[in-house]
Amino acid sequence: MRHNTAIHLLGASGSGTTSVGRELERLSGIQHLDTDSFYWQDSFVPYSQPRPESDRKKLLLEALPESGAWILSGSLCGWGDFLIPRFNLVIWLIVDQNLRMERLRKRETERYGSAIYPGGNMWQKSQIFLNWAEAYDSDVEVSRSAQKHADWLKKITCPVFTVPNNDSFEETVNVIMGILGTHTGDT
């Protein structure tokens, strides 16, 4: 892969950007970072306290490898425009909404167990999150939506690919590795 390969993976919550990013790191050797690590502060209730924008930008810039080669997964809409000139390739992962919500419910259960069941101490938080995530495809007012991603992608000057992630994880990763080979000079 080229020395300065800067790849951005974005999509709805549950679309697989983090998992795909980790696997691409394993296969390509390019360091993977996830926006959630910079957006959210460590807190007793995970993913509940956003960092101030200036802090997340500073932390992200400090974490990007000096080589210029990195894979960044997650959403940057509203705060990540400063990275647009550095991207060599952007991939928008899309997933059927029913499948995506099934994946998210499974992930919530794996993370929090029975705490997300009715009466559990995280039931309400989990329901709010799932309702927010489900609105991605239909509500332009939510903080992360398909329309906001589509509008944000209009600012991107490098190649942008939309890749479905409805089938096997391996198949999705293979498609993206093919794109990387074509657009980074590797075959």
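Below is a summary of the structure that appears in this document. (Residues numbered from 1 in each chain as written. Predicted model: local features only at pLDDT ≥ 70, side-chain atom pairs only at ≥ 80, totals over all residues. Heavy atoms only, no water.)

Now for the overall build of the protein. Within the protein, the regular secondary structure consists of 7 helices and 5 strands. Going from N to C terminus, the protein has its helices and strands arranged as β-α-β-α-α-β-β-α-α-α-β-α. For 187 residues, the compact-globule estimate of 2.2 N^0.38 gives 16 Å, and the protein sits close to it at 17 Å. Its C-alpha atoms give the protein principal-axis dimensions of about 55 × 35 × 30 Å. Taking all 187 residues of the protein together, the buried fraction comes to 44%. The long-range share in the protein, meaning contacts at least 24 apart out of those at least 6 apart in sequence, stands at 70%. Here the protein displays about 9,800 Å² of accessible surface, and carbon together with sulfur accounts for 50% of that area. (Helix = DSSP H or I, 4+ residues; strand = E, 2+ residues; numbered from the N terminus. Rg over C-alpha atoms; globule rule 2.2 N^0.38 Å. Buried < 20%, exposed > 50% of the residue type's maximum accessible area, 1.4 Å probe, protein only. Contact = heavy atoms within 4.5 Å. Areas by Shrake-Rupley, 256 points an atom, 1.4 Å probe, with all protein chains shown as cover.)

Aromatic ring pairs are described here by two measures, namely the spacing of the ring centres and the angle between the planes. Inspection of every chain in the model, using the stated rule, returns 5 aromatic pairs. Here the aromatic rings of Y39 and W40 are separated by 4.9 Å at their centres, their planes lie at 70°, and the arrangement is edge-to-face. Accessibility expressed as a relative area gives 25% for Y39, which makes it partly exposed. Relative accessible area serves as the criterion here: at 22%, W40 is assigned to the partly exposed category. Taken together, the ring pairs in this structure connect Y39, W40 and W79 into an aromatic cluster. Against the face of W79 rests R56, its NZ or CZ located 5.2 Å from the ring centre. (Phe/Tyr/Trp six-rings, centres within 6.5 Å; stacked < 30°, edge-to-face > 60°. Lys NZ or Arg CZ within 6 Å of the ring centre and 35° of its normal.)

Right, let's talk about the environment of R26 for a bit. You can see R26 is positioned in helix α1 (residues 17-28). The class of R26 is exposed, set by a relative accessible area of 58%. Separated by 2.7 Å, the side chains of R26 and E23 make a polar contact. (Polar contact = N/O pair within 3.5 Å; in protein donor to acceptor, adjacent residues only side chain to side chain.)

Okay, the packing of α1 against helix α7 (residues 169-183) next. Between α1 and α7, whose axes approach to 10 Å, the crossing angle comes to 60°. Considering their axes alone, α1 and α7 lie oblique with respect to each other. In terms of crossing hand, the pair formed by α1 and α7 is right-handed. Taking contact as the criterion, the partners of S19, V20, E23, L24 and L27 in α1 are, on α7, F169, T172, V173, I176, M177 and L180. Classifying every residue of the contact of α1 with α7 by side-chain character gives 8 nonpolar, 2 polar and 1 charged. (Axes fitted to C-alpha atoms, helices over the stretch in contact; angles between N-to-C directions. Parallel < 35°, antiparallel > 145°, perpendicular 65-115°, else oblique. Left-handed = near helix turned anticlockwise from the far one by under 90°. Nonpolar A, V, L, I, M, F, W, Y, C, P; charged D, E, K, R; others polar.)

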